[in-house]
Amino acid sequence: MAITGSGSLAAFFLSVCVFTAELLLEVESQNLATDNVSVIEGETATISCRVRNNDDSVIQLLNPNRQTIYFRDVRPLKDSRFQLVNFSDNELRVSLSNVSLSDEGRYVCQLYTDPPQEAYADITVLVPPGSPLIESRENVVSEGNETELTCMAVGSKPAASIRWIKGDEELIGETTFEEMSDRTFTVTSSVKFPVTKEDDGVLVDCIVDHPAVKELVAHKYLEVLYKPEVKIVVTYPEGLTREGDNLDLMCIAEGKPHPHEINWLRVDKDVPSHAVVTGSDLYIENLNKSFNGTYRCIASNAVGEAYEDYILYVYDAPTTLPTPTTNPVNVQDSRAGKGATPKIDHAVIGGVVAVVMFVILCTLIILGRYFARHKGTYFTHEAKGADDAVDADTAIINAEGGHSNTDEKKEYYI
(Lines give C-alpha, C1' and ligand atoms only; values in the text may rest on other atoms or scores of the structure.)
Protein backbone atom coordinates (compact mmCIF):
# COMPACT_ATOMS: atom_id res chain seq x y z
CA MET A 1 0.00 0.00 0.00
CA ALA A 2 1.43 3.40 -0.99
CA ILE A 3 1.18 6.30 1.47
CA THR A 4 1.49 9.84 0.16
CA GLY A 5 1.45 13.16 1.93
CA SER A 6 2.34 14.16 5.48
CA GLY A 7 -1.32 14.17 6.55
CA SER A 8 -1.89 10.61 5.49
CA LEU A 9 1.31 9.49 7.22
CA ALA A 10 0.32 11.16 10.47
CA ALA A 11 -3.09 9.50 10.35
CA PHE A 12 -1.51 6.11 9.86
CA PHE A 13 0.81 6.46 12.86
CA LEU A 14 -2.10 7.69 15.01
CA SER A 15 -4.20 4.65 14.22
CA VAL A 16 -1.26 2.37 15.05
CA CYS A 17 -0.79 4.09 18.41
CA VAL A 18 -4.49 3.79 19.29
CA PHE A 19 -4.49 0.10 18.41
CA THR A 20 -1.37 -0.49 20.49
CA ALA A 21 -2.86 1.36 23.48
CA GLU A 22 -6.07 -0.63 23.31
CA LEU A 23 -4.08 -3.83 23.15
CA LEU A 24 -1.98 -2.87 26.16
CA LEU A 25 -5.10 -1.83 28.09
CA GLU A 26 -6.71 -5.18 27.36
CA VAL A 27 -3.62 -7.01 28.57
CA GLU A 28 -3.41 -4.89 31.71
CA SER A 29 -7.14 -5.28 32.52
CA GLN A 30 -6.61 -8.99 32.81
CA ASN A 31 -4.37 -8.39 35.85
CA LEU A 32 -7.30 -7.44 38.15
CA ALA A 33 -10.12 -9.86 39.03
CA THR A 34 -12.93 -10.32 41.57
CA ASP A 35 -16.15 -12.36 42.03
CA ASN A 36 -19.82 -11.69 42.57
CA VAL A 37 -21.16 -12.53 46.03
CA SER A 38 -24.55 -13.77 47.25
CA VAL A 39 -25.15 -13.53 50.97
CA ILE A 40 -28.09 -14.10 53.28
CA GLU A 41 -29.26 -11.07 55.19
CA GLY A 42 -27.55 -10.86 58.55
CA GLU A 43 -24.59 -12.99 57.54
CA THR A 44 -21.08 -12.01 56.35
CA ALA A 45 -19.95 -11.25 52.78
CA THR A 46 -16.35 -11.39 51.63
CA ILE A 47 -14.98 -9.36 48.69
CA SER A 48 -11.64 -10.34 47.17
CA CYS A 49 -9.67 -8.06 44.81
CA ARG A 50 -6.93 -10.13 43.22
CA VAL A 51 -3.99 -8.81 41.19
CA ARG A 52 -1.81 -10.86 38.89
CA ASN A 53 1.71 -9.67 38.09
CA ASN A 54 1.40 -6.60 40.28
CA ASP A 55 4.10 -3.95 39.76
CA ASP A 56 3.62 -2.36 43.20
CA SER A 57 0.47 -0.53 42.07
CA VAL A 58 -1.94 0.50 44.82
CA ILE A 59 -5.17 -1.50 45.34
CA GLN A 60 -8.31 -0.01 46.81
CA LEU A 61 -11.95 -1.08 47.33
CA LEU A 62 -14.89 1.27 46.72
CA ASN A 63 -18.54 0.89 47.78
CA PRO A 64 -21.51 1.32 45.38
CA ASN A 65 -21.38 5.07 46.10
CA ARG A 66 -17.68 5.01 45.07
CA GLN A 67 -16.53 5.80 48.55
CA THR A 68 -13.20 4.26 49.46
CA ILE A 69 -13.62 1.41 51.90
CA TYR A 70 -9.97 0.33 51.97
CA PHE A 71 -6.93 2.04 50.47
CA ARG A 72 -4.24 -0.64 50.63
CA ASP A 73 -4.59 -1.78 54.26
CA VAL A 74 -6.12 1.46 55.56
CA ARG A 75 -9.90 1.87 56.05
CA PRO A 76 -10.95 5.49 55.47
CA LEU A 77 -14.66 4.62 55.71
CA LYS A 78 -15.96 4.69 59.27
CA ASP A 79 -18.03 1.52 59.12
CA SER A 80 -16.68 -1.08 61.49
CA ARG A 81 -18.59 -3.84 59.77
CA PHE A 82 -15.87 -3.79 57.11
CA GLN A 83 -12.80 -5.65 58.28
CA LEU A 84 -9.52 -6.41 56.55
CA VAL A 85 -9.07 -10.13 56.05
CA ASN A 86 -5.92 -10.13 53.91
CA PHE A 87 -3.65 -7.60 52.28
CA SER A 88 -0.68 -8.30 50.03
CA ASP A 89 0.74 -7.21 46.69
CA ASN A 90 -1.60 -9.69 45.01
CA GLU A 91 -4.83 -9.44 47.05
CA LEU A 92 -7.03 -7.14 49.06
CA ARG A 93 -9.69 -9.17 50.87
CA VAL A 94 -12.37 -7.45 52.98
CA SER A 95 -15.31 -8.86 54.95
CA LEU A 96 -18.66 -7.19 55.55
CA SER A 97 -20.58 -8.52 58.55
CA ASN A 98 -24.30 -8.28 59.36
CA VAL A 99 -25.22 -7.63 55.77
CA SER A 100 -28.50 -5.80 55.13
CA LEU A 101 -30.44 -4.93 52.01
CA SER A 102 -28.88 -1.48 52.02
CA ASP A 103 -25.48 -3.08 51.42
CA GLU A 104 -26.59 -4.58 48.12
CA GLY A 105 -24.97 -3.16 44.97
CA ARG A 106 -21.83 -3.05 42.84
CA TYR A 107 -18.46 -2.81 44.64
CA VAL A 108 -15.34 -1.69 42.75
CA CYS A 109 -11.86 -3.14 42.96
CA GLN A 110 -9.48 -0.47 41.64
CA LEU A 111 -5.82 -0.78 40.72
CA TYR A 112 -3.87 2.43 40.43
CA THR A 113 -2.20 2.07 37.07
CA ASP A 114 -2.10 4.43 34.14
CA PRO A 115 -4.89 4.37 33.28
CA PRO A 116 -6.48 2.84 36.44
CA GLN A 117 -7.97 -0.64 36.19
CA GLU A 118 -11.34 -1.63 37.69
CA ALA A 119 -13.15 -4.89 38.37
CA TYR A 120 -16.69 -5.18 39.75
CA ALA A 121 -18.17 -7.41 42.45
CA ASP A 122 -21.96 -7.43 42.71
CA ILE A 123 -23.28 -8.23 46.18
CA THR A 124 -26.75 -9.81 46.17
CA VAL A 125 -28.54 -9.98 49.50
CA LEU A 126 -30.95 -12.88 50.00
CA VAL A 127 -33.81 -12.38 52.42
CA PRO A 128 -35.52 -15.60 53.58
CA PRO A 129 -39.30 -15.53 53.98
CA GLY A 130 -40.98 -15.73 57.32
CA SER A 131 -42.74 -18.89 58.45
CA PRO A 132 -45.63 -19.65 56.08
CA LEU A 133 -49.20 -19.46 57.28
CA ILE A 134 -52.21 -21.44 56.02
CA GLU A 135 -55.68 -19.97 56.21
CA SER A 136 -58.88 -21.75 55.22
CA ARG A 137 -62.18 -20.36 54.08
CA GLU A 138 -63.89 -22.58 56.65
CA ASN A 139 -62.42 -24.75 59.37
CA VAL A 140 -64.97 -27.52 58.84
CA VAL A 141 -66.40 -28.52 55.45
CA SER A 142 -69.11 -31.01 54.53
CA GLU A 143 -68.43 -33.79 52.05
CA GLY A 144 -69.16 -32.89 48.45
CA ASN A 145 -68.43 -29.21 49.02
CA GLU A 146 -65.38 -27.26 47.87
CA THR A 147 -62.81 -25.89 50.26
CA GLU A 148 -60.19 -23.19 49.66
CA LEU A 149 -56.82 -22.93 51.38
CA THR A 150 -54.46 -19.93 51.21
CA CYS A 151 -50.75 -19.96 52.06
CA MET A 152 -48.68 -16.80 52.46
CA ALA A 153 -44.91 -16.26 52.56
CA VAL A 154 -43.96 -12.73 53.63
CA GLY A 155 -40.75 -10.66 53.23
CA SER A 156 -38.62 -12.73 50.90
CA LYS A 157 -36.01 -11.66 48.37
CA PRO A 158 -36.10 -12.90 45.72
CA ALA A 159 -39.72 -13.97 45.69
CA ALA A 160 -40.32 -17.42 47.17
CA SER A 161 -42.16 -20.22 45.40
CA ILE A 162 -44.99 -22.21 46.96
CA ARG A 163 -46.05 -25.83 46.39
CA TRP A 164 -49.07 -27.76 47.71
CA ILE A 165 -49.17 -31.43 48.77
CA LYS A 166 -52.40 -33.16 49.87
CA GLY A 167 -51.61 -36.60 51.22
CA ASP A 168 -49.52 -38.08 48.40
CA GLU A 169 -51.02 -35.83 45.74
CA GLU A 170 -49.56 -32.54 44.48
CA LEU A 171 -52.06 -29.75 43.96
CA ILE A 172 -51.74 -26.81 41.58
CA GLY A 173 -52.40 -23.44 43.18
CA GLU A 174 -52.79 -19.90 41.90
CA THR A 175 -49.88 -17.67 43.00
CA THR A 176 -49.58 -13.89 43.22
CA PHE A 177 -46.52 -11.73 43.99
CA GLU A 178 -46.45 -8.33 45.65
CA GLU A 179 -43.27 -6.25 45.93
CA MET A 180 -43.03 -4.26 49.14
CA SER A 181 -41.39 -0.90 49.78
CA ASP A 182 -38.28 -2.55 51.25
CA ARG A 183 -37.75 -4.49 48.01
CA THR A 184 -38.96 -7.78 49.51
CA PHE A 185 -41.86 -9.81 48.18
CA THR A 186 -45.04 -11.21 49.67
CA VAL A 187 -46.12 -14.38 47.90
CA THR A 188 -49.67 -15.74 48.20
CA SER A 189 -50.90 -19.06 46.82
CA SER A 190 -54.47 -20.40 46.90
CA VAL A 191 -55.80 -23.83 46.09
CA LYS A 192 -59.38 -25.10 45.71
CA PHE A 193 -60.63 -28.68 45.65
CA PRO A 194 -63.77 -30.69 46.54
CA VAL A 195 -63.64 -32.91 49.59
CA THR A 196 -65.00 -36.37 50.36
CA LYS A 197 -65.36 -38.29 53.59
CA GLU A 198 -62.01 -39.97 52.82
CA ASP A 199 -60.36 -36.53 53.13
CA ASP A 200 -61.24 -36.25 56.81
CA GLY A 201 -57.98 -36.04 58.76
CA VAL A 202 -55.82 -35.83 55.62
CA LEU A 203 -52.73 -33.63 55.92
CA VAL A 204 -52.26 -30.72 53.51
CA ASP A 205 -48.78 -29.14 53.30
CA CYS A 206 -47.83 -25.70 52.05
CA ILE A 207 -44.14 -25.92 51.08
CA VAL A 208 -42.14 -22.72 50.56
CA ASP A 209 -38.91 -22.92 48.53
CA HIS A 210 -36.25 -20.19 48.67
CA PRO A 211 -32.47 -20.13 48.00
CA ALA A 212 -31.78 -18.55 51.39
CA VAL A 213 -33.28 -21.33 53.46
CA LYS A 214 -34.31 -24.96 53.37
CA GLU A 215 -37.93 -25.56 52.53
CA LEU A 216 -40.41 -24.18 55.02
CA VAL A 217 -43.61 -26.14 55.62
CA ALA A 218 -46.99 -25.24 57.06
CA HIS A 219 -49.50 -27.99 57.89
CA LYS A 220 -53.28 -28.16 57.81
CA TYR A 221 -55.41 -31.18 58.71
CA LEU A 222 -58.71 -31.31 56.88
CA GLU A 223 -61.86 -31.73 58.94
CA VAL A 224 -64.70 -33.11 56.84
CA LEU A 225 -68.27 -33.76 57.98
CA TYR A 226 -70.07 -36.64 56.28
CA LYS A 227 -73.40 -38.42 56.54
CA PRO A 228 -73.60 -41.77 58.31
CA GLU A 229 -72.45 -45.08 56.92
CA VAL A 230 -74.97 -47.80 57.86
CA LYS A 231 -74.41 -51.55 58.18
CA ILE A 232 -76.87 -54.21 59.42
CA VAL A 233 -75.43 -57.22 61.26
CA VAL A 234 -77.45 -60.38 62.01
CA THR A 235 -76.51 -61.43 65.53
CA TYR A 236 -79.08 -64.29 65.59
CA PRO A 237 -79.69 -66.77 64.03
CA GLU A 238 -76.43 -67.76 62.41
CA GLY A 239 -78.01 -69.67 59.54
CA LEU A 240 -81.38 -69.61 57.82
CA THR A 241 -84.31 -67.89 59.47
CA ARG A 242 -87.05 -70.49 60.03
CA GLU A 243 -90.52 -70.43 61.45
CA GLY A 244 -90.46 -70.30 65.20
CA ASP A 245 -86.97 -68.81 65.38
CA ASN A 246 -86.09 -65.44 66.88
CA LEU A 247 -84.40 -62.69 64.86
CA ASP A 248 -81.91 -60.18 66.29
CA LEU A 249 -80.55 -57.41 64.03
CA MET A 250 -77.95 -54.81 64.98
CA CYS A 251 -77.64 -51.53 63.09
CA ILE A 252 -74.12 -50.04 63.07
CA ALA A 253 -73.96 -46.39 61.98
CA GLU A 254 -70.82 -44.22 61.83
CA GLY A 255 -70.66 -40.60 60.68
CA LYS A 256 -69.26 -37.19 61.49
CA PRO A 257 -70.85 -35.92 63.59
CA HIS A 258 -72.03 -39.15 65.17
CA PRO A 259 -75.60 -40.04 64.15
CA HIS A 260 -78.09 -38.55 66.58
CA GLU A 261 -81.01 -40.70 65.45
CA ILE A 262 -81.37 -44.34 64.34
CA ASN A 263 -84.77 -45.72 63.30
CA TRP A 264 -86.12 -49.06 62.09
CA LEU A 265 -89.01 -49.46 59.64
CA ARG A 266 -90.48 -52.11 57.38
CA VAL A 267 -90.77 -51.10 53.75
CA ASP A 268 -94.40 -51.02 52.52
CA LYS A 269 -95.70 -52.56 55.76
CA ASP A 270 -95.72 -51.99 59.48
CA VAL A 271 -93.16 -53.54 61.75
CA PRO A 272 -94.67 -56.54 63.60
CA SER A 273 -96.47 -55.37 66.70
CA HIS A 274 -94.44 -57.53 69.06
CA ALA A 275 -91.08 -56.45 67.55
CA VAL A 276 -88.80 -54.77 70.09
CA VAL A 277 -86.50 -51.88 69.12
CA THR A 278 -83.75 -51.17 71.65
CA GLY A 279 -81.46 -48.37 70.57
CA SER A 280 -79.99 -49.58 67.30
CA ASP A 281 -81.17 -53.21 67.70
CA LEU A 282 -84.31 -54.84 66.28
CA TYR A 283 -85.59 -58.04 67.93
CA ILE A 284 -88.45 -60.20 66.61
CA GLU A 285 -89.38 -63.50 68.27
CA ASN A 286 -91.33 -66.50 67.00
CA LEU A 287 -90.94 -65.77 63.31
CA ASN A 288 -93.53 -66.78 60.74
CA LYS A 289 -93.93 -66.22 57.03
CA SER A 290 -96.13 -63.18 57.55
CA PHE A 291 -93.04 -61.32 58.74
CA ASN A 292 -91.32 -61.65 55.35
CA GLY A 293 -90.27 -58.30 53.89
CA THR A 294 -87.61 -55.61 53.78
CA TYR A 295 -86.50 -54.08 57.07
CA ARG A 296 -84.64 -50.77 56.87
CA CYS A 297 -82.30 -49.07 59.35
CA ILE A 298 -82.09 -45.29 58.87
CA ALA A 299 -79.40 -43.16 60.54
CA SER A 300 -79.15 -39.36 60.33
CA ASN A 301 -76.91 -36.54 61.48
CA ALA A 302 -76.45 -32.86 60.69
CA VAL A 303 -75.08 -33.62 57.21
CA GLY A 304 -77.79 -36.00 56.02
CA GLU A 305 -79.19 -39.49 56.37
CA ALA A 306 -78.38 -42.93 55.03
CA TYR A 307 -79.90 -46.40 55.30
CA GLU A 308 -79.35 -50.08 54.68
CA ASP A 309 -81.95 -52.78 54.01
CA TYR A 310 -82.26 -56.33 55.32
CA ILE A 311 -84.54 -58.72 53.40
CA LEU A 312 -86.19 -61.25 55.71
CA TYR A 313 -87.40 -64.54 54.30
CA VAL A 314 -88.72 -67.09 56.76
CA TYR A 315 -88.21 -70.72 55.75
CA ASP A 316 -90.27 -73.68 56.89
CA ALA A 317 -89.42 -75.20 60.24
CA PRO A 318 -87.10 -78.23 59.89
CA THR A 319 -88.80 -81.68 59.69
CA THR A 320 -88.29 -83.88 62.80
CA LEU A 321 -86.18 -86.91 61.91
CA PRO A 322 -86.15 -90.31 63.83
CA THR A 323 -83.26 -90.92 66.10
CA PRO A 324 -80.64 -92.87 64.15
CA THR A 325 -79.95 -96.45 65.40
CA THR A 326 -76.49 -96.56 63.91
CA ASN A 327 -73.40 -94.50 64.27
CA PRO A 328 -73.45 -91.22 62.32
CA VAL A 329 -71.69 -91.06 59.03
CA ASN A 330 -68.07 -90.13 59.38
CA VAL A 331 -67.47 -86.39 58.89
CA GLN A 332 -64.87 -87.07 56.30
CA ASP A 333 -67.39 -89.22 54.36
CA SER A 334 -69.95 -86.41 54.47
CA ARG A 335 -67.42 -84.04 53.04
CA ALA A 336 -66.37 -86.37 50.27
CA GLY A 337 -66.27 -84.80 46.86
CA LYS A 338 -68.71 -85.44 44.07
CA GLY A 339 -68.47 -89.02 42.80
CA ALA A 340 -66.96 -90.47 46.01
CA THR A 341 -68.24 -93.96 46.90
CA PRO A 342 -69.90 -94.06 50.38
CA LYS A 343 -68.69 -96.66 52.88
CA ILE A 344 -70.99 -99.75 53.46
CA ASP A 345 -71.77 -100.45 57.13
CA HIS A 346 -71.71 -104.28 57.25
CA ALA A 347 -72.88 -104.30 60.86
CA VAL A 348 -76.09 -102.55 59.85
CA ILE A 349 -76.73 -105.02 57.04
CA GLY A 350 -76.08 -108.00 59.33
CA GLY A 351 -78.44 -106.63 61.94
CA VAL A 352 -81.22 -106.12 59.41
CA VAL A 353 -80.81 -109.68 58.04
CA ALA A 354 -80.91 -111.12 61.57
CA VAL A 355 -84.09 -109.24 62.40
CA VAL A 356 -85.77 -110.43 59.18
CA MET A 357 -84.81 -114.05 59.82
CA PHE A 358 -86.08 -113.84 63.38
CA VAL A 359 -89.43 -112.46 62.20
CA ILE A 360 -89.78 -115.22 59.59
CA LEU A 361 -88.95 -117.92 62.15
CA CYS A 362 -91.49 -116.57 64.62
CA THR A 363 -94.14 -116.47 61.89
CA LEU A 364 -93.54 -120.11 60.95
CA ILE A 365 -93.82 -121.26 64.57
CA ILE A 366 -97.10 -119.41 65.08
CA LEU A 367 -98.59 -120.83 61.88
CA GLY A 368 -97.51 -124.36 62.84
CA ARG A 369 -99.18 -124.14 66.22
CA TYR A 370 -102.33 -122.78 64.63
CA PHE A 371 -102.64 -125.59 62.12
CA ALA A 372 -101.96 -128.17 64.83
CA ARG A 373 -104.85 -126.94 66.98
CA HIS A 374 -107.41 -127.00 64.14
CA LYS A 375 -106.50 -130.47 62.76
CA GLY A 376 -108.91 -133.45 64.07
CA THR A 377 -111.79 -135.87 63.48
CA TYR A 378 -115.54 -135.11 63.82
CA PHE A 379 -118.72 -137.09 63.27
CA THR A 380 -121.36 -136.61 60.69
CA HIS A 381 -124.99 -135.94 61.43
CA GLU A 382 -125.82 -139.66 61.35
CA ALA A 383 -123.57 -140.37 64.36
CA LYS A 384 -124.95 -137.52 66.36
CA GLY A 385 -125.49 -138.54 70.00
CA ALA A 386 -123.16 -141.49 69.96
CA ASP A 387 -120.57 -139.48 71.81
CA ASP A 388 -122.69 -139.80 75.01
CA ALA A 389 -122.73 -143.66 75.02
CA VAL A 390 -120.88 -145.61 77.64
CA ASP A 391 -119.48 -148.07 75.19
CA ALA A 392 -119.49 -148.77 71.53
CA ASP A 393 -122.56 -150.95 71.48
CA THR A 394 -124.62 -148.36 73.29
CA ALA A 395 -123.40 -145.67 70.93
CA ILE A 396 -124.61 -147.62 67.96
CA ILE A 397 -127.96 -148.20 69.55
CA ASN A 398 -128.32 -144.51 70.50
CA ALA A 399 -127.43 -143.30 67.09
CA GLU A 400 -130.24 -141.23 65.66
CA GLY A 401 -132.30 -142.92 63.07
CA GLY A 402 -131.71 -146.39 64.47
CA HIS A 403 -129.22 -147.27 61.83
CA SER A 404 -127.19 -150.28 62.66
CA ASN A 405 -124.53 -149.38 60.21
CA THR A 406 -121.32 -149.29 62.09
CA ASP A 407 -119.39 -147.65 59.30
CA GLU A 408 -118.07 -144.30 60.56
CA LYS A 409 -117.83 -141.36 58.28
CA LYS A 410 -114.81 -139.22 58.88
CA GLU A 411 -113.95 -135.84 57.47
CA TYR A 412 -110.67 -134.05 57.96
CA TYR A 413 -110.17 -130.37 57.88
CA ILE A 414 -106.86 -129.26 56.74
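Residues numbered from 1 in each chain as written. Predicted model: local features only at pLDDT ≥ 70, side-chain atom pairs only at ≥ 80, totals over all residues. Heavy atoms only, no water.

1. Things to note about the confidence of the model for the protein
- Overall, the prediction assigns the protein a mean pLDDT of 83, with 77% of residues at 70 or greater.
- Note on residues 9–13: pLDDT under 50 across the span, and 2 contacts to partners over four residues away in sequence or across chains.
- Every residue in residues 400–414 is under pLDDT 50, and counting partners more than four places away or in other chains gives 20 contacts. (pLDDT = per-residue confidence, 0-100. Contact = heavy atoms within 4.5 Å.)

2. Here we look at the side chain of E91
- On the secondary structure map, E91 appears in strand β7 (residues 91–96).
- When neighbours within four sequence positions are excluded, E91 is seen to be in contact with S48, C49, R50, I59 and N86. (Helix = DSSP H or I, 4+ residues; strand = E, 2+ residues; numbered from the N terminus.)

3. Focus: the state of the cysteines
- The final tally for this structure, using the stated rule, is 3 disulfides.
- Sulfur-sulfur distance for the disulfide between C49 and C109 comes to 1.8 Å. An S-S torsion of about -70° defines the bridge between C49 and C109 as left-handed. Here C49, found in strand β3 (residues 45–51), pairs with C109, found in strand β8 (residues 105–111); they are 60 residues apart in sequence, far enough to count as distant.
- Residue class for C109 comes out buried when judged on its relative accessible area of 0%.
- Between C251 and C297 runs a disulfide, and the two sulfur atoms are separated by 1.8 Å. Because the sign of the S-S torsion sets the handedness, a value of about -85° for the bond joining C251 and C297 places this disulfide among the left-handed ones. Here C251 is found in strand β20 (residues 247–256), whereas its partner C297 is found in strand β24 (residues 293–300), with 46 residues between them in sequence. Accessibility assignment for this pair places C251 and C297 in one class, buried. (Disulfide = S-S within 2.5 Å. Buried < 20%, exposed > 50% of the residue type's maximum accessible area, 1.4 Å probe, protein only.)

4. As for the sheet that holds strand β19 (residues 224–236)
- Pairing in this open sheet of 5 strands is mixed, and the strands run β11-β19-β20-β23-β22 from one edge to the other. Edge positions in the sheet fall to β11 (141–142) and β22 (276–278), since each of these pairs with one other strand and no more.
- Bridging between β20 and strand β23 (residues 281–284) involves 4 bridges; their strand directions are antiparallel. Among the inter-strand pairings, L249 is bridged to a residue of β23, identified as L282. (Pairing = 2+ DSSP bridges.)

5. Observations concerning the sheet that holds strand β16 (residues 185–194)
- The 4 strands are arranged β10-β12-β16-β15 in an open sheet whose pairing can be described as antiparallel. Looking along the sheet, the strands with just one partner apiece sit at the ends: β10 (133–136) and β15 (174–179). Each strand axis lies, on average, 20° off the axis of its neighbour in the sheet, ignoring direction.
- Two elements, strand β12 (residues 146–156) and β16, share 9 bridges in a ladder whose sense is antiparallel. Bridge pairing in β16 places E148 opposite K192. (Axes fitted to C-alpha atoms, helices over the stretch in contact; angles between N-to-C directions.)

6. A short note on the environment of S273
- With respect to the element layout, S273 can be found in the loop between β21 (261–266) and β22.
- Residues S273 and I284, spaced 11 residues apart in sequence, show a C-alpha to C-alpha distance of 9.4 Å.

7. Some points on the pattern of salt bridges
- If you walk through the whole model with that rule in mind, you get 19 salt bridges.
- In this structure, E215 and R163 form a salt bridge, with 3.3 Å as the shortest nitrogen-oxygen distance. Within this pair, whereas E215 is found in strand β18 (residues 213–221), its partner R163 is found in strand β13 (residues 161–166), the two being separated by 52 residues in sequence.
- Note on R163: relative accessible area 29%, which makes it partly exposed.
- The network of salt bridges with common partners includes D79, R81 and D103. (Salt bridge = Lys/Arg side-chain N within 4 Å of Asp/Glu carboxyl O.)

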